[in-house]
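Tertiary structure, described
So you can see what is in the structure, the chains are spelled out below.
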Amino acid sequence: MSGFSFDLVERVPERRRERKSIYLHLVGTAGPYGEVSLKITNYPQEATLVADGLPDATISNSGTPYGHITIDERTRLTVGGVTARLSRNRRALRKEDRGISIELGDRRYTYLCGPTGREELRDSERGPVVRQGNRRDGAVMALDVLPDADATDLALALVMQGADRLVLTVGGAIVSGVMSFLNSSEGNK
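Residues numbered from 1 in each chain as written. Predicted model: local features only at pLDDT ≥ 70, side-chain atom pairs only at ≥ 80, totals over all residues. Heavy atoms only, no water.

1. Some thoughts on the overall build of the protein
Check the secondary structure of the protein and you find four helices and twelve strands. Counting the 189 residues in the protein, one finds 44% classified as buried. Once local pairs closer than 6 in sequence are excluded, the contacts in the protein between residues at least 24 apart make up 40%. (Helix = DSSP H or I, 4+ residues; strand = E, 2+ residues; numbered from the N terminus. Buried < 20%, exposed > 50% of the residue type's maximum accessible area, 1.4 Å probe, protein only. Contact = heavy atoms within 4.5 Å.)

Shown next as structure tokens:
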């Protein structure tokens, strides 16, 4: 398959009750895979991908108070019924080392801030498969799906948009490290 690009735009819920329970709802048309919907809810705190042409995917963390899903030992990620194992180096300073490592069945990925300064999902064997693209007017984000990508790659990249990716930058890694240190003392009172 050849590569393609598409935009994700925000869909604001019409009913007030839904606006309170939904943190962010992104929709778009992912080329040959059709309509995609990524909904990040507050209660329960999870991001859910729904798309006819892609495997179902969710990411959740019971310890996240509000907003994007925090990546830590309580994070649960599933794509197409397969549970992934996530890890990251909290003390890393180099871009390549700050990435989020994802083991999904027999596939190995890294979600990181690439050499161009844009986030990308990189397969350990095939290299980059999905990358953030140039946003167009009205879009919250744009994604470039590279020719080697398949439905599982795209589903994983989309559901990762619901994760807190601030840790991919140096500043975010520093803030995360400080907050982790401060929060670790809660159990010692």
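There's plenty left to go through after this.
2. Comments concerning the pattern of salt bridges
One pass over the full model with this rule turns up eleven salt bridges. The partner of Arg136 in a salt bridge is Asp7, with the nearest N and O atoms 3.0 Å apart. Of this pair, Arg136 sits in the loop between strand S11 (127-132) and strand S12 (141-145) while Asp7 is found in strand S1 (residues 4-10), placing the two residues 129 residues apart along the sequence. Under the relative-accessibility criterion, Arg136 is labelled partly exposed at 41%. Among the salt bridges present, the one from Arg107 reaches Asp153, with a minimum N-O distance of 2.9 Å. Remark: Asp153 occurs in helix H3 (residues 151-159) and Arg107 occurs in strand S9 (residues 107-113); sequence separation between them is 46 residues. The class of Arg107 is partly exposed, set by a relative accessible area of 23%. The class of Asp153 is buried, set by a relative accessible area of 0%. (Salt bridge = Lys/Arg side-chain N within 4 Å of Asp/Glu carboxyl O.)

3. Some remarks on the packing of aromatic side chains
Evaluation of the coordinates by the stated rule reveals two aromatic pairs. Taking the centre distance of 6.3 Å and the plane angle of 45° together, the rings of Phe4 and Tyr33 count as tilted. In this pair, Phe4 sits in strand S1 while Tyr33 sits in the loop between strand S2 (22-29) and strand S3 (35-41), placing the two residues 29 residues apart along the sequence. Each of the two residues, Phe4 as well as Tyr33, counts as buried. Clustering of aromatic rings is evident, with ring pairs tying together Phe4, Phe6 and Tyr33. (Phe/Tyr/Trp six-rings, centres within 6.5 Å; stacked < 30°, edge-to-face > 60°.)

4. A short note on the sheet that holds strand S8 (residues 100-104)
Pairing within the closed barrel is antiparallel, and its twelve strands lie in the order S1-S2-S3-S4-S5-S6-S7-S8-S9-S10-S11-S12. The sheet shows a mean angle of 20° between the axes of neighbouring strands, direction not considered. (Pairing = 2+ DSSP bridges. Axes fitted to C-alpha atoms, helices over the stretch in contact; angles between N-to-C directions.)

5. What to know about the environment of Val79
By the secondary structure assignment, Val79 is in strand S6 (residues 76-79). Considered as a pair, Val79 and Asp56 are 23 residues apart in the sequence and their alpha carbons are 5.9 Å apart. In contact with Val79, other than residues within four places in its own chain, are Pro55, Asp56, Ala57, Leu104, Thr152, Ala155 and Leu156.

6. Some remarks on the confidence of the model for the protein
Averaged over every residue, the pLDDT of the protein is 84; residues scoring 70 or more account for 83%. Confidence over residues 185-189 falls short of pLDDT 50; this stretch has zero contacts with residues more than four positions distant or in other chains. (pLDDT = per-residue confidence, 0-100.)

7. Considering H3
Of all nine residues in H3, eight are buried, a share of seventy percent or more. The backbone nitrogen of Thr152 lies 3.2 Å from a side-chain oxygen of the residue at the head of H3, namely Asp150. (Polar contact = N/O pair within 3.5 Å; in protein donor to acceptor, adjacent residues only side chain to side chain.)

8. As for the pairing of S11
Of the strand pairs in this sheet, strand S10 (residues 119-123) and S11 are connected by four bridges, and their pairing is antiparallel. Paired with Leu121 across the bridge in S11 is Val130. Sheet topology places S11 next to S12; three bridges connect them, and they run antiparallel. Bridge pairing in S12 links Gln132 to Leu143.

9. Regarding the nonpolar core
In this structure, Phe6, Leu54, Ile59, Ile102 and Leu154 are the most contacted members of the largest nonpolar core, which totals 43 residues. Tallying contributions element by element places H3 first for this core, with seven residues. Not counting the four nearest positions on each side in its chain, Ile59 is found in contact with Glu46, Ala47, Ile69, Ile71, Thr75, Arg76, Leu77, Leu86, Val159, Met160 and Ala163. (Core = buried A, V, L, I, M, F, W, Y, C linked by side-chain atoms within 4.5 Å.)

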